[in-house]
Amino acid sequence: MKKLYTKALAAYLEMLEIHIDTKTKDVTFHEKTNVFYDTLFDVAHKIGERYVDSWWDLRTDSLTEKKKRANKIISDLKMELEKYDIDNNLSLWTQDLIGWLADELEDIEWTSKAFL
């Protein structure tokens, strides 16, 4: 079942890329693919949770390590966004977007820290 989960997750990621890539090329198709990637995420999520309901783990790290890793994933991406904003000559709109996204990550970073 883990292989099925991995395939479903890969399908979701590919569909998300297709969705994003068609934004400026075919607005109607782009809008419809929102349902496609949402459904594929739901499929992958449900398969993954059914797998762990059967007392298997998707990852081999301990619960403590998973909590630390979750926090690090969020923290690292937030730092990458902040660094990208500083290192690149971005438009004001893009600077605002990057800043807003970094703020969003900071909000969940504090939540993830509470579990450490």
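A short tour of the structure in this document, coming up.

Criteria and cut-off values
Residues numbered from 1 in each chain as written. Predicted model: local features only at pLDDT ≥ 70, side-chain atom pairs only at ≥ 80, totals over all residues. Heavy atoms only, no water. Phe/Tyr/Trp six-rings, centres within 6.5 Å; stacked < 30°, edge-to-face > 60°. Buried < 20%, exposed > 50% of the residue type's maximum accessible area, 1.4 Å probe, protein only. Lys NZ or Arg CZ within 6 Å of the ring centre and 35° of its normal. Patch = residues over 30% accessible without salt bridge, like charges linked within 9 Å, V, L, I, M, F, W, Y side chains within 5 Å. Areas by Shrake-Rupley, 256 points an atom, 1.4 Å probe, with all protein chains shown as cover. Salt bridge = Lys/Arg side-chain N within 4 Å of Asp/Glu carboxyl O. Helix = DSSP H or I, 4+ residues; strand = E, 2+ residues; numbered from the N terminus. 1 Å grid on protein atoms, 1.4 Å probe; cavity = no way out; pocket = protein on both sides within 12 Å on 5 of 7 lines; lining within 4 Å. Points joined across faces, edges and corners; volume = space filled by probe spheres on them. Nonpolar A, V, L, I, M, F, W, Y, C, P; charged D, E, K, R; others polar.

Things to note about the packing of aromatic side chains
In step 1: According to the stated counting rule, one finds four aromatic pairs in the structure shown.
In step 2: Residues Phe-29 and Phe-36 carry aromatic rings whose centres are separated by 6.5 Å and whose planes lie at 75° to one another, so their mutual orientation is edge-to-face.
In step 3: On the basis of relative accessible area, Phe-29 is assigned to the partly exposed category, the value being 34%.
In step 4: Looking at Phe-36, the relative accessible area reads 37%, which means it is partly exposed.
In step 5: Taken together through their ring pairs, the aromatic side chains of Tyr-12, Tyr-37 and Phe-41 make up a single cluster.
In step 6: Taking the ring centre of Trp-110 as reference, the NZ or CZ of Lys-113 above it sits at 4.4 Å.

Topic: a nonpolar patch on the surface
In step 1: Together, Ile-18, Phe-29, Val-35 and Phe-36 give the surface a local cluster of nonpolar side chains, amounting to about 320 Å² of exposed area.
In step 2: With respect to the element layout, Phe-36 can be found in helix H2 (residues 27–53).

Regarding the layout of surface pockets
In step 1: Of the voids in this model, the largest pocket is the one considered here, and its volume is about 360 Å³.
In step 2: Around the largest pocket sit Tyr-5, Val-52, Asp-57, Leu-58, Arg-59, Lys-66, Arg-69, Ala-70 and Ile-73, which together line it.
In step 3: Here the lining of the largest pocket is composed, by residue class, of five nonpolar, no polar and four charged.

Focus: the environment of Glu-82
In step 1: Within the secondary structure, Glu-82 sits in helix H3 (residues 63–87).
In step 2: Of the residues examined, Glu-82 reaches a relative accessible area of 34% and is grouped as partly exposed.
In step 3: Considered as a pair, Glu-82 and His-30 are 52 residues apart in the sequence and their alpha carbons are 29 Å apart.

Quick look at the pattern of salt bridges
Two side chains that carry opposite charge are able to pair once their charged atoms sit near each other.
In step 1: The tally for this structure, following the rule as stated, stands at five salt bridges.
In step 2: For the salt bridge of Asp-87 with Lys-83, the shortest nitrogen-to-oxygen distance reads 2.4 Å. Highlighted residues: Asp-87 and Lys-83, both in helix H3, separated by four residues, approximately one helical turn.
In step 3: Among the residues examined, Lys-83 registers a relative accessible area of 48% and is labelled partly exposed.

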